[in-house]
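# Coordinates in review
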Amino acid sequence: MKTDIVFVCTECGKQMLKWMGRCPGCGEWHTVVEREIARSKGGGVGSLEKRTGNVVPLTEIQGDTVPRMKTGIQELDRVLGGGMVRRSVILLGGDPGIGKSTLLMQALGVMAARGETVLYVSGEESLEQLKLRAERLDVKSPEFLILVENELEPIMEKMGDVQASVVVIDSVQSICSRSSDSLPGSVTQVRHVAGTVLDRVKRGSAACFIVGHVTKDGVLAGPKVLEHMVDTVLYFEGERGHAYRILRGVKNRFGSATEIGVFEMGDRGLAEVSNPSELFLSERPQGVSGSAVTALVEGTRPILAEIQALVTGPIPGQGRRTCLGTDSQRLALMIAVIEKKLGLALGDQDIFLNAVGGVRAVEPASDLAVAAALLSSFLERSITGGTLVFGEVGLAGEVRRVSKSEARINEASRLGFNRIIAPAANVEPVPATSGIKVVGVSHIEELSGLLFDSDGSAEIKTKR
Ligand code: TYD
Ligand code: MG
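First, a word on what this report is: a plain description of the structure on this page.

What counts and what doesn't
Residues numbered from 1 in each chain as written. Chains lettered and ligands numbered in written order. Predicted model: local features only at pLDDT ≥ 70, side-chain atom pairs only at ≥ 80, totals over all residues. Heavy atoms only, no water. 1 Å grid on protein atoms, 1.4 Å probe; cavity = no way out; pocket = protein on both sides within 12 Å on 5 of 7 lines; lining within 4 Å. Points joined across faces, edges and corners; volume = space filled by probe spheres on them. Helix = DSSP H or I, 4+ residues; strand = E, 2+ residues; numbered from the N terminus. Nonpolar A, V, L, I, M, F, W, Y, C, P; charged D, E, K, R; others polar. Phe/Tyr/Trp six-rings, centres within 6.5 Å; stacked < 30°, edge-to-face > 60°. Buried < 20%, exposed > 50% of the residue type's maximum accessible area, 1.4 Å probe, protein only. Lys NZ or Arg CZ within 6 Å of the ring centre and 35° of its normal. Polar contact = N/O pair within 3.5 Å; in protein donor to acceptor, adjacent residues only side chain to side chain. Contact = heavy atoms within 4.5 Å. Near = heavy atom within 4 Å. Areas by Shrake-Rupley, 256 points an atom, 1.4 Å probe, with all protein chains shown as cover.

The subject of this paragraph is empty space enclosed by the protein. Scanning all chains against the criterion turns up three cavities of 30 Å³ or more. Computed from the structure, the largest cavity encloses a volume of approximately 50 Å³. Contributing to the lining of the largest cavity are T326, D327, R330, L331, M334, L353, A361, E363, S366, D367 and V370. Those elements that provide at least two residues to the lining of the largest cavity are helix 8 (328–342) and helix 9 (367–379). Its residues placed into classes, the lining of the largest cavity shows five nonpolar, two polar and four charged.

Turning our eyes to something else, we now look at the packing of aromatic side chains. Enumeration according to the criterion identifies two aromatic pairs in this entry. When the ring of Y120 is compared with that of F144, the centres are 6.2 Å apart and the planes differ by 25 degrees; the resulting orientation is stacked. Placement of Y120 in strand 7 (residues 118–122) and of F144 in strand 8 (residues 144–148) is noted, with a sequence separation of 24 residues between them. Accessibility assignment for this pair places Y120 and F144 in one class, buried. Lying over the aromatic face of F390, R408 brings its terminal NZ or CZ to 5.7 Å of the ring centre. In this arrangement the basic side chain of K463 is found over the ring face of F378, its NZ or CZ atom lying 4.8 Å from the centre.

This paragraph deals with the side chain of T294. Among the secondary structure elements, T294 is positioned in strand 15 (residues 291–298). Here the side chain of T294 touches V389 through a polar contact of 2.7 Å, landing on its backbone oxygen. In contact with T294, other than residues within four places in its own chain, are I303, L304, A305, I307, A365, S366, A369, L388, V389 and F390.

Close to ligand 1 lie 17 residues; G97, S101, T102, G266 and G269 are nearest. At 2.7 Å, a backbone N or O of G97 approaches an oxygen atom of ligand 1. Within the side chain of R133, one N or O atom sits 2.8 Å away from an oxygen atom of ligand 1. Surface burial for ligand 1 is 75%, taken as the share of its 560 Å² of free accessible area covered by protein chains. Of all elements in the fold, only helix 3 (100–113), helix 4 (127–136) and strand 13 (260–266) reach the threshold of two or more residues within the shell around ligand 1. Ranked by the residues each element gives to the shell around ligand 1, the list is headed by helix 3, at three residues. Taken together, the residues of the shell around ligand 1 sort by class into four nonpolar, seven polar and six charged.

Set out below in structure tokens:
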């Protein structure tokens, strides 16, 4: 069935035949989004108005009919929800130097090599700098067009002239408009530039990436102010001194916003990491206390990650709590549960918790691993080799069922773990995967008896 495009206000639901920056229905700015709907028999766009008032069977509504352009970089395409959608604006945020320009130049390079016209607008780098990077990345297609320009108006003109499938604006902070007298990079300028680009993209046929640097203090003129305007928001993250980079979906009007893509920065640009678990576990110390491995699920993909805890003390007064890549609220909760249910006093201990390798272990399914790492460090006992722990812990100390347990167990098994401590409620439906033993726990009190080579509960008693 053929489809038509309508524009709908996400605030009041008003439908329009063309995109507008401000909804004529409710007066809100940047709330109008594009929708595709099936064309009814004999009816053009004109019949839309009639259809909206009618009751329509759910099964007759066309599902994911949005045509997508693949960038050819799988990790990027997946985070985008299967590729770029025409007339959509994607914000790519991240720290300066993290690799945003590199990622986009590579993606556009792949598209250009396929014969698609792409336009890369840079307000930050010279033609020579761009050429050097292109050489490094082996991008050398005549379809790859470059424009070095800081002013918005000529950029808009050129965008109309070249009719590219994808346009990159790098970066929004480096472009200024003649019609606005505030400084480049200021909130007003950034909003104005993004708003104008958005307006143009909605009227054309290209997909557009806008690069936004995250300023250290986070909010000021950062991409945050643009998040509500654009269709998709991606953040590129990583730690200095480490080669891996994580591309994280934060908002996506055309797909899941929970996907992540993993890359490794090398001499010739970013390489896709299709096995992130191996990467995150590669430097894992063996046989030391305070380290537990858990299975996270990011989007559709299970990822194994190491949780490290360091519990030191006693110190005079209240101990410090420091979290990296983990949730401080959930840590506080786990500490409280351990104190209350296991009778251990952690109040005067400094506690550091780290999800190693730049992953973020913030889902409740990592609770049990946090508890395991804390116990392991506090008791100075290493967790038995080959053991992986996952499960949510409730305030009563109960271990609760988590989603996608089969995917987590399979990933663990693939990477050589042979013993899994999981919520008892999750254990049954798991098929007996060869060589892997799944032990169910229903209360945190059972944990110390399972983690170590010999029963840890005796040690807990002496520590009380
Ligand atoms: P860049 O894409 O310019 O970052 P951003 O646009 O986010 O500011 O990446 C800059 C860093 O990446 C720089 O420190 C050099 C490094 N790099 C590599 O290690 N290998 C490469 O192939 C490229 C192109 C860059
Ligand atoms: Mg850059």
